[in-house]
Amino acid sequence: MNHIYLDNAASAPMFPEVIRTMTEIMTSAPGNPSSTHFQGRTARAKIEKARKEVAEHLGADSSEIFFTSGGTESNNTVLRDAVEQMGVARIITAPTEHSSVLNTLEYLQRTRGPEIIYLPVDHQGRIDPEELKNELGGSKQKTLVSLMHANNETGLLHPIKKIGEICRDSNALFHTDAVQTVGHLPLDLSSGLITFLSASAHKFHGPKGTGILYVRKDHPVEPMIRGGNQEKGVRAGTENVAGIAGTARALSLCADKLEEKANYIRGLRKYAIEQLGRMLPDIEIISPLNPEESLFTILNLQIPESDKSSQLLMNMDIEGISVSGGSACHSGAETVSHVITALGRAGSGRPLRISLSMMNTREDIDAAITALQKHI
Ligand code: PLP
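All values reported here derive from a predicted model rather than from experimental measurement.

Q: Please explain the environment of K46 as it appears in this structure.
A: Within the secondary structure, K46 sits in helix α2 (residues 38-58). Expressed as a C-alpha distance, the spacing of K46 and G277, which sit 231 residues apart in the sequence, is 49 Å. Those residues in contact with K46 that sit more than four places away from it in its chain are E24, I25, S28, A29 and V241.

Here is the structure:
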């Protein structure tokens, strides 16, 4: 059976060039990067080259880039350090953040008691920047704002430049979970508006289990994982040399003709929206339709309830179409996600997320729509 993969926001298939780079490094650089002999130095050089490459793509300094095990670890490192070491007493966030942010905040509140403020969101997940300004103006306590760049379920983009300016003007720290946008949208951290940023290689066709943490020079973080002095003391443990090199290679490949690729995927998303409107008009689109407001890789649909809808994901899978029920954590699960609930849309249908990459075609979308017609 020809399997069609439309779950790229859960994990985007690795580029063959990335696999080649990693295989070459696993063969040619077997040493521990902390060792001072030839093999160790070779492995260390691969890491530092990757760090420089990632820093250049993000408009950062190499000294501000750290490699982690993924977006989850990067988010945990910042949030825990903010409360446990930096003296942050208030965190402002939104109920639509990824569970690696929300569950960490819940843990911190239970164990350390910082004030956590959840900004209200509208039916598409937008926050009101004025509300953020008001919250920041209402207290002199040290505050961190943690708001994601693109929502992983709906694709909604938060206006991170504006949020960064508000944080700067109020002397607040700003963390953004950019796991869904790094590699897809251009990002320039040189403006200094963002204090911390999290990214994850497997969302931009790199390896699973490798992440990026950007830490602005003036706000160093303490390690969450303690041990050796790897990653300049910010993250102990022998480095995943091949994974790190694969991360940089994937980011460079994404950055090459970035706008051309983005336009191709935008075209696919537009085609999907048009075809759905024509062939399945009862399906509601949850993702914002305004391209300025939505990441082009994600399209979240609300499928009307029927006696078949509880089997929908399974039936799509049987047809060879891989999609998800919201996020990867909710793939195949019957529960409605916290994001859909926060949007006030729980109970009015079943969410289904199609997420696209360069590797998809219009034929993939046609096949998904044919399968949907059969199974809703
Ligand atoms: N943040 C967002 C927005 C995500 O979509 C994900 C993964 O789904 C993560 C964080 C976690 O990243 P990782 O899988 O690298 O731990």
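Q: What am I meant to see in the site of the ligand here?
A: By nearness alone, 14 residues border the ligand, and G71, T72, D177, S200 and K203 come closest of all. The contact in question runs from an oxygen atom of the ligand to an N or O atom on the side chain of H202, over 3.0 Å. For the ligand, whose accessible area on its own is 390 Å², the fraction buried by protein is 87%. Ranked by the residues each element gives to the shell around the ligand, the list is headed by helix α3 (residues 71-84), at three residues. Among the residues forming the shell around the ligand, the class breakdown is two nonpolar, ten polar and two charged.

Q: It is not clear to me how helix α5 (residues 129-137) should be interpreted in this structure. Could you clarify?
A: Owing to its 3.6 residues per turn, the α-helix aligns residues three or four sequence positions apart on the same side. Among all positions of α5, only P129, L132 and L136 are buried. Down the axis of α5, the buried set is contained in an arc of 55°. They therefore lie on one face. For α5, the exposed residues lying more than 90 degrees away from the buried face are N134 and G137. N-cap assignment for α5: the residue whose side-chain oxygen lies 2.9 Å from the backbone N of E130 is D128.

Q: Can you walk me through the sheet that holds strand β12 (residues 350-355) in this structure?
A: Backbone hydrogen bonds hold the strands of a sheet together, and the pairing may be parallel or antiparallel. Spatially, the three strands line up as an open sheet ordered β9-β10-β12, and their pairing is antiparallel. Each having just a single partner strand, β9 (284-285) and β12 make up the two edges of the open sheet. Bridge analysis of strand β10 (residues 298-303) against β12 gives six bridges, and the strand direction is antiparallel. Note on β12: the bridge partner recorded for I303 is R350. Relative to β10, helix α8 (residues 258-279) is tilted by about 15°, and along the sheet it contacts β9 and β10.

About the thresholds
Residues numbered from 1 in each chain as written. Predicted model: local features only at pLDDT ≥ 70, side-chain atom pairs only at ≥ 80, totals over all residues. Heavy atoms only, no water. Helix = DSSP H or I, 4+ residues; strand = E, 2+ residues; numbered from the N terminus. Contact = heavy atoms within 4.5 Å. Near = heavy atom within 4 Å. Polar contact = N/O pair within 3.5 Å; in protein donor to acceptor, adjacent residues only side chain to side chain. Areas by Shrake-Rupley, 256 points an atom, 1.4 Å probe, with all protein chains shown as cover. Nonpolar A, V, L, I, M, F, W, Y, C, P; charged D, E, K, R; others polar. Buried < 20%, exposed > 50% of the residue type's maximum accessible area, 1.4 Å probe, protein only. Arc of directions from axis to C-beta. Pairing = 2+ DSSP bridges. Axes fitted to C-alpha atoms, helices over the stretch in contact; angles between N-to-C directions.

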